[in-house]
Amino acid sequence: FNNVLGFDFVQRPPQEALVAALEELLALQALDRKGDLSDDGKLMAKLPLEPAYSRALLAARGCQCFAHMLALLATLCADGALFHAPMAHRAAADEAR
């Protein structure tokens, strides 16, 4: 089903949100001008990342920075779990942040 705007959602998101999402995917070259997934868009859909992160990772393929981009995205996706503070030092660690 290719018509996202006409899809019968259980709880329909606001039309503006759908349009904004489609515009973002178009800007990231995940969609072609007809609204179909591009080849890169199909690859991006397979990655468990936000679309912008997927695009950055795919862009790094052609450069010699893939490992660096992968490390950067792993850090960005860590959700604050990057640093571990033992319970005894948690208050000091939180204050230092």
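### Some thoughts on the pattern of salt bridges
Right, so step 1: This model, assessed by the stated rule, comprises three salt bridges.
Right, so step 2: Of the charged contacts, one joins D40 and R55 as a salt bridge, the two residues approaching to 3.2 Å between their closest N and O atoms. Residue D40 is found in helix 2 (residues 39–46), and its partner R55 is found in helix 3 (residues 51–60); the two are separated by 15 residues along the sequence.
Right, so step 3: Of the charged contacts, one joins R61 and D40 as a salt bridge, the two residues approaching to 3.3 Å between their closest N and O atoms. A residue pair is termed long-range when its members are at least 10 positions apart, and R61 in the loop between helix 3 and helix 4 (66–76) and D40 in helix 2 qualify at 21 residues.
Right, so step 4: Within the structure, one salt-bridge network assembled from shared partners comprises D40, R55 and R61.

### What to know about the packing of helix 2 against helix 3
Right, so step 1: Between helix 2 and helix 3, the least distance of the axes is 9 Å, while the angle of their chain directions is 115°. Relative to helix 3, the crossing made by helix 2 is right-handed. Residues D40, L43 and M44 of helix 2 pack against P51, S54, R55 and L58 of helix 3.
Right, so step 2: Of the residues belonging to the contact of helix 2 with helix 3, the class tally is four nonpolar, one polar and two charged.

Criteria and cut-off values
Residues numbered from 1 in each chain as written. Predicted model: local features only at pLDDT ≥ 70, side-chain atom pairs only at ≥ 80, totals over all residues. Heavy atoms only, no water. Salt bridge = Lys/Arg side-chain N within 4 Å of Asp/Glu carboxyl O. Helix = DSSP H or I, 4+ residues; strand = E, 2+ residues; numbered from the N terminus. Axes fitted to C-alpha atoms, helices over the stretch in contact; angles between N-to-C directions. Left-handed = near helix turned anticlockwise from the far one by under 90°. Contact = heavy atoms within 4.5 Å. Nonpolar A, V, L, I, M, F, W, Y, C, P; charged D, E, K, R; others polar.

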